[in-house]
Amino acid sequence: MGTRKNARDLTATEKTAFVAAVKALKAQAGGRNYDWFVSTHMQYFAVVNSHRYAHQSPSFLPWHRQYLIEFENALKVHNPAVDLPYWDWTVDRTTTSAPWTSDFLGGNGSGGNGPVTTGPFAGSANWRINVSSSTSTSLRRAMGGTLPSAANVSTVLGVSTYDASPWNSSSGSGMRNRMEGWVSPNIHNSVHVWVGGHMALQDSPNDPVFWLHHANIDRLWSQWQTRWGYDSTRYLPGSGTSGVVDLNEVLQPFTGVRPADVLDHRPRYTYA
Ligand SMILES: [Cu+2]
């Protein structure tokens, strides 16, 4: 059972081990194993098989939960002791705080939407972007804007209904669309925009901070589940809604995995 820790609490050894595992995965198969995650995220921005799986849909949270599990398992091939850390942007809110240190994910891009110049992911020789909607082969960031506050998070966690019709980016009530960020208070989307650069694109998993941001979103969902219930009746829609993933429909491309299978993450990992 893994424990996912706050990035600010990682020891020097844990930071080094995480970076090494990410780079080892990227070095495998000429980059194709890491880049599978990038291209899958891009592919699942669109409607696939007449379903919205990853975004603008109720399965935004379970799809990314399974996606993170697959990525974490890929890291564990290189080092079984590595767990995904999370970035709590309600606490670490500057361009120089955790996780943006040179011993971990490195800092901001240079001048506007420029390449990252510090840390282990700076420059295409250290971290090459192979699959992207941009032409840059080095990682870019353009930090700035507004991160969600603790009060914003508290508002969203207080919404007891998981999701609501029409089950897309215009759902006006329900927790999921607020958490995903298509309605106020925008939580998840605004963090992608704040980091900028590759994080603001559909190929956002090119920036390793993607995993820490989504681990935090997953952690917030787990807090919502702790408050309102882990049982399967809490996920909506339960059945019979076309175009989105019901409780017992498969979360493609994760063979055989349904939202019902990932609601309770606690046997697999917990958050520190
Ligand atoms: Cu995201």
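Definitions and cut-offs
- Residues numbered from 1 in each chain as written.
- Predicted model: local features only at pLDDT ≥ 70, side-chain atom pairs only at ≥ 80, totals over all residues.
- Heavy atoms only, no water.
- Helix = DSSP H or I, 4+ residues; strand = E, 2+ residues; numbered from the N terminus.
- Buried < 20%, exposed > 50% of the residue type's maximum accessible area, 1.4 Å probe, protein only.
- Polar contact = N/O pair within 3.5 Å; in protein donor to acceptor, adjacent residues only side chain to side chain.
- Contact = heavy atoms within 4.5 Å.
- UniProt positions renumbered as here; feature names shortened; annotations may be inferred.
- Salt bridge = Lys/Arg side-chain N within 4 Å of Asp/Glu carboxyl O.
- Phe/Tyr/Trp six-rings, centres within 6.5 Å; stacked < 30°, edge-to-face > 60°.
- Lys NZ or Arg CZ within 6 Å of the ring centre and 35° of its normal.
- Expected span 1.5 Å × (residues − 1).
- Arc of directions from axis to C-beta.
- Axes fitted to C-alpha atoms, helices over the stretch in contact; angles between N-to-C directions.
- Parallel < 35°, antiparallel > 145°, perpendicular 65-115°, else oblique.
- Left-handed = near helix turned anticlockwise from the far one by under 90°.

A. Highlighting the side chain of asparagine 206. Structurally, asparagine 206 is set in the loop between helix 6 (188–195) and helix 7 (209–228). With a relative accessible area of 0%, asparagine 206 lands in the buried category. Of the polar contacts made by the side chain of asparagine 206, one reaches the backbone oxygen of valine 131; its length is 2.8 Å. Contact partners of asparagine 206, with chain neighbours within four places excluded, come to Tyr34, Asp35, Val38, Trp127, Ile129, Val131, Ser132, Leu139 and His198.

B. The arrangement of the UniProt feature "domain: Tyrosinase copper-binding" (unreviewed entry) in the chain in detail. Residues annotated by UniProt as "domain: Tyrosinase copper-binding" (unreviewed entry) correspond here to residues 55–72 and 207–218. Secondary structure within residues 55–72 divides into 72% helix and 0% strand; the distance between the first and last C-alpha atoms comes to 21 Å. In residues 207–218, the share of helix is 83% and the share of strand is 0%. The end C-alpha atoms are 18 Å apart.

C. Molecular detail of the pattern of salt bridges. Taken as a whole, this structure holds 14 salt bridges when the rule is applied. A salt bridge links arginine 176 to glutamate 180; the shortest N-O distance between them is 2.9 Å. Placement of both arginine 176 and glutamate 180 in helix 5 (residues 175–180) is noted, with a separation of four residues, approximately one turn of the helix. Exposure remark for arginine 176: the relative accessible area of 0% places this residue in the buried category. According to the relative accessible area criterion, glutamate 180 is buried, its value standing at 0%. In this structure, aspartate 261 and arginine 258 form a salt bridge, with 2.8 Å as the shortest nitrogen-oxygen distance.

D. Highlighting the packing of aromatic side chains. With the rule as written, the count across this model stands at 25 aromatic pairs. Judged by centre distance (5.7 Å) and plane angle (70°), the rings of tyrosine 44 and tyrosine 53 are edge-to-face. Both residues of the pair, tyrosine 44 and tyrosine 53, belong to the buried class. Geometry around phenylalanine 121 places lysine 23 over its ring, the cationic atom sitting 5.6 Å from the centre.

E. Molecular detail of helix 1 (residues 12–27). Between its terminal C-alpha atoms helix 1 stretches 22 Å, which fits the 22 Å expected from 16 residues at 1.5 Å a residue. Considered for burial, the residues of helix 1 that qualify are Lys15, Phe18, Val19, Ala21, Val22, Leu25 and Lys26. In a view along the axis of helix 1, the buried residues occupy a sector of 160°, so they form one face of it. Exposed residues on helix 1 whose side chains face more than 90 degrees from its buried face are Ala12, Thr13, Thr16 and Ala27. Buried residues along helix 1 sit in contact with helix 2 (32–43), helix 3 (60–76) and helix 7. Among the residues trailing helix 1, alanine 29 stands out with phi positive, at a value near 50°.

F. Summary view of the packing of helix 3 against helix 7. Axis separation between helix 3 and helix 7 bottoms out at 10 Å; the angle between their running directions is 125°. Taken together, the axes of helix 3 and helix 7 lie oblique to each other. Helix 7 is crossed by helix 3, and the crossing has left-handed handedness. Contact residues: helix 3 offers Phe60, Leu61, Pro62, His64, Arg65, Tyr67, Leu68 and Phe71, while helix 7 offers Phe210, Trp211, His214, Ala215, Ile217, Asp218, Trp221, Ser222 and Gln225.

G. Inspection of unusual backbone geometry at higher detail. At the junction of serine 165 and proline 166, the peptide bond is cis and its omega measures out at 10° in the coordinates. Position of proline 166 relative to the elements: it lies in the loop between helix 4 (150–157) and helix 5. Of note in this structure, asparagine 49 is not a glycine but carries a positive phi near 50°. If you trace the backbone, asparagine 49 turns up in the loop between helix 2 and helix 3. Residue tryptophan 167 is not a glycine yet carries a positive backbone phi of 60°.

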